[in-house]
Amino acid sequence: LKHNGGVQFYIILLSEQYWQTSALNSLAVWLKEDVTYVEPELTAPENVAQLVNLFTNAESRNLENILEPLHEMMGKSTKLVQALGQSEPFLQGTAKRLSDERTRAIVRKSVLQMLRAVLRLHADPARAVDRCGFRTIIVELSQREEQVLVMEIAKEMVTEFISCR
């Protein structure tokens, strides 16, 4: 795979709904095993755009399945986190997922964790919080969310990124 464009092959599979989860899981495992090779290819602008497209356009039934490998990938690659944090469509998609009342708690939890990772590596997290309405969304989740884990993560984010201003 390494010598025959394997990363690009998996990126292409992300556009096929049937293969999305398997392709993303494969990329996550490969990134974990070989960061030096996979990370530069994964963080190429066109590949980041494909990951963002997958995240923003995933239907709710597929979204839960892609969040875990995407979050794992973010845990292994700070460059990927930074690239996602610079993507306006990713930030808007994150805000949309967090503010949609129909979003399941497990999805909100994962999306909040991904946003926290982005904010921790952002050059100006205070400014980033103000983008896409994150300040309002995070404060609201910290006060009104029914799911305790989501509320706790939101409270931590208020302390870490909002109340310090």
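Above this text is the structure in question.
Rules and cut-offs
- Residues numbered from 1 in each chain as written.
- Predicted model: local features only at pLDDT ≥ 70, side-chain atom pairs only at ≥ 80, totals over all residues.
- Heavy atoms only, no water.
- Helix = DSSP H or I, 4+ residues; strand = E, 2+ residues; numbered from the N terminus.
- Rg over C-alpha atoms; globule rule 2.2 N^0.38 Å.
- Buried < 20%, exposed > 50% of the residue type's maximum accessible area, 1.4 Å probe, protein only.
- Contact = heavy atoms within 4.5 Å.
- Areas by Shrake-Rupley, 256 points an atom, 1.4 Å probe, with all protein chains shown as cover.
- Lys, Arg positive; Asp, Glu negative; His and termini not counted.
- Charge placed at Lys NZ, Arg CZ, Asp CG, Glu CD.
- Axes fitted to C-alpha atoms, helices over the stretch in contact; angles between N-to-C directions.
- Parallel < 35°, antiparallel > 145°, perpendicular 65-115°, else oblique.
- Left-handed = near helix turned anticlockwise from the far one by under 90°.
- Salt bridge = Lys/Arg side-chain N within 4 Å of Asp/Glu carboxyl O.

Undergrad: Sorry, what's going on with the overall build of the protein chain here?
TA: Along the protein chain, the regular secondary structure elements total eleven helices and zero strands. In sequence order, the protein chain lays out its α and β elements as α-α-α-α-α-α-α-α-α-α-α. Relative to the globule expectation of 15 Å for 165 residues, the C-alpha radius of gyration of the protein chain, 16 Å, shows essentially globular dimensions. Dimensions of the protein chain, computed from C-alpha atoms along their principal axes, come out at roughly 50 × 35 × 25 Å. Each of the 165 residues in the protein chain was classed as buried or not, and the buried ones make up 47%. Long-range pairs, those at least 24 residues apart, make up 66% of the contacts in the protein chain with a sequence separation of at least 6. Accessible area of the protein chain: about 8900 Å², with a carbon and sulfur share of 49%. On the protein chain, the mean spot of the 19 positive side-chain charges and the mean spot of the 21 negative ones are 3 Å from each other.

Undergrad: Help me out: how do you make sense of the packing of helix α5 (residues 60-76) against helix α8 (residues 105-121) in this one?
TA: In helix packing, the relevant descriptors are the interaxial angle and the interaxial distance, both defined with respect to the helix axes. Following both chains from N to C, one finds α5 and α8 inclined at 25°, their axes separated by 10 Å at the closest point. As far as their axial angle goes, α8 and α5 are roughly parallel. Remark: the crossing between α5 and α8 carries left-handed chirality. Residues L63, E64, L67, L70, H71 and M74 of α5 lie in contact with α8, whose contacting residues are I106, V107, S110, V111, Q113, M114, A117 and V118.

Undergrad: Would you mind going over the environment of H71 with me for this structure?
TA: Among the structural elements, H71 can be located in helix α5. Taking C-alpha positions, H71 is 8.5 Å from V111, a pair spaced 40 residues apart along the chain.

Undergrad: Whenever I open this one, the pattern of salt bridges confuses me. Can you help?
TA: If charged atoms from side chains of opposite charge come close, those side chains can pair. For the structure shown, the criterion picks out eight salt bridges. Two residues, R116 and E156, come together in a salt bridge whose shortest N-O distance is 2.6 Å. Remark: E156 occurs in helix α11 (residues 148-162) and R116 occurs in helix α8; sequence separation between them is 40 residues. Residue R135 pairs with D130 through a salt bridge whose shortest N-O separation is 2.7 Å. For R135, a relative accessible area of 23% puts it in the partly exposed group.

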